[in-house]
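Coordinate analysis (summary)
Letter by letter, the chains look like this.
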Amino acid sequence: MTQKKPLLCLLLVLSTIPLPAFELGWKLDRGYKYLWLKNKEKIGETVFRFSRKDGPSLTGEYYQLAIRRKMEAEGKIQDSVGTLLFSKGGSPVTYTEKTNFRFASDKTFKAFQEASIQFTDGLATTIYTNNRKKEQASKTELKVDKDIFLFSTLCQEQWNLFTRQLDTTGPRTIKVFYPEFSDVLKIDFKPEVQSAPLTIGDRKIPITRFSFEAKKWKWQGSIWVDEKGRMLQYASGPLKIVLTGKID
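Everything quoted here is computed from the prediction, not taken from an experiment.

The secondary structure content of the chain amounts to two helices and 17 strands. Among the 248 residues that make up the chain, the fraction classed as buried is 42%. Accessible surface, the chain: about 14,600 Å² in total, of which carbon and sulfur atoms supply 52%.

Listed below in structure tokens is the structure:
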């Protein structure tokens, strides 16, 4: 009887060992909510959920971030739904978002916008379509790094794909693709202090507060990140975004 080669035996053993779980921090298939506050007044909320999804190929791991956002400010209301497919490292693959706009005094929607973003071989292709007029859709293409992150307007929940990479011992620069301007934005993060625990639901969670700055846009603020890399709070100027409800 012939003996199996040691390498083949090892491969057979390894093939039966399950791969370690992806450490995203957030529980999969569970809804979470951010409240949007401006000058301490609620102006909106974002409900988001992470889940495991099949990607565009048979290799690698892919995940989905699904959101529903409602904003109301200055007599205007917008309702959005979005879906981001991303790789295990947090790099975006596709993003789609549909948004209805109307005045608070009128229940009839006055405008509709669709956004579609595709990341392929270092190229970000963005298409915006207004009021379903596909013949008038705008399309832009921009070369980006393959490890770029996505940050679309009002989509601070997308920051969770890179906040888990921030270093509590030193500064870190993150590059994000900002589709509305078809531009790459550099955001500098710096750990400021191990702040007092944040109270989320019935739990007190230790966090680190980071300052951030995008010098090109003269934009700055702070975020509060727990040891799992989850962004629990965001503040910039009069705007504050806070996680509410139960957290695991």
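With that out of the way, let us pick up the side chain of T163. Its location among the elements puts T163 in helix 2 (residues 160-163). Leaving out residues up to four positions away in the same chain, T163 has contacts with I223, V225, G229, R230 and M231.

Another aspect to go through is the nonpolar core. Counting 54 residues, the largest nonpolar core has W26, W159 and I223 as its most contacted members. The residues touching W159, leaving out its near neighbours within four places in the chain, are F151, I187, F189, F212, W219, I223, M231 and Y234.

With that out of the way, let us pick up the pattern of salt bridges. Summed over the entire model, instances satisfying the criterion amount to eight salt bridges. E61 is the partner of K88 in a salt bridge, and the nearest nitrogen-oxygen pair spans 3.5 Å. Taken together, the positions of K88 in the loop between strand 4 (76-87) and strand 5 (92-103) and E61 in the loop between strand 2 (41-53) and strand 3 (62-73) put the pair 27 residues apart, joining distant regions of the chain. One salt-bridge network, in which partners are shared between bridges, spans K33, K42 and E45.

What follows is about the packing of aromatic side chains. Inspection of every chain in the model, using the stated rule, returns 24 aromatic pairs. Between F119 and F177, the ring centres sit 5.8 Å apart and the planes meet at 90°, which makes this aromatic pair edge-to-face. Of the two residues, F119 is situated in strand 6 (residues 111-120) and F177 in strand 10 (residues 172-178); the sequence distance between them amounts to 58 residues. Residue F119 shares its accessibility class with F177, and that shared class is buried. Relative to W219, the ring of W159 lies with its centre 5.9 Å away and its plane at 70°, an arrangement referred to as edge-to-face.

Looking now at the environment of K146. Its location among the elements puts K146 in the loop between strand 8 (138-143) and strand 9 (149-150). It is 8.5 Å that separates the C-alpha atoms of K146 and F119, two residues lying 27 residues apart in sequence. Beyond its immediate sequence surroundings of up to four residues, K146 is in contact with S91, D121 and G122.

This next bit is on the environment of E213. You can see E213 is positioned in strand 14 (residues 207-214). Counting along the chain gives 27 residues from E213 to K186, while the straight-line C-alpha distance between them is 8.5 Å. Leave out the neighbours within four places in its chain, and E213 touches K186, I187, D188, W219 and Q220.

This paragraph deals with the side chain of S222. Tracing the backbone through its elements, the reader meets S222 in strand 15 (residues 219-226). Note on S222: relative accessible area 16%, which makes it buried. Apart from the residues within four sequence positions on either side, S222 is in contact with R209, F210, S211, F212, Q233, Y234 and A235.

The pairing of strand 2 with strand 3 spans 10 bridges and is classified as antiparallel. Counterpart to F48 in the pairing with strand 3 is I67. When strand 3 meets strand 4, the two strands line up antiparallel, connected through 12 bridges. Each residue of the ladder has a partner; that of E72, found in strand 4, is I77.

Attention shifts here to the confidence of the model for the chain. The predicted model of the chain averages 87 in pLDDT, with 88% of residues at 70 or higher. Summarising per-element confidence for the chain, the mean pLDDT is lowest in helix 1 (residues 6-15) (32) and highest in strand 9 (98). In the model, residues 1-21 has pLDDT below 50 throughout and makes two contacts with residues more than four positions away in sequence or in other chains.

Calculation rules
Residues numbered from 1 in each chain as written. Predicted model: local features only at pLDDT ≥ 70, side-chain atom pairs only at ≥ 80, totals over all residues. Heavy atoms only, no water. Helix = DSSP H or I, 4+ residues; strand = E, 2+ residues; numbered from the N terminus. Buried < 20%, exposed > 50% of the residue type's maximum accessible area, 1.4 Å probe, protein only. Areas by Shrake-Rupley, 256 points an atom, 1.4 Å probe, with all protein chains shown as cover. Contact = heavy atoms within 4.5 Å. Core = buried A, V, L, I, M, F, W, Y, C linked by side-chain atoms within 4.5 Å. Salt bridge = Lys/Arg side-chain N within 4 Å of Asp/Glu carboxyl O. Phe/Tyr/Trp six-rings, centres within 6.5 Å; stacked < 30°, edge-to-face > 60°. Pairing = 2+ DSSP bridges. pLDDT = per-residue confidence, 0-100.

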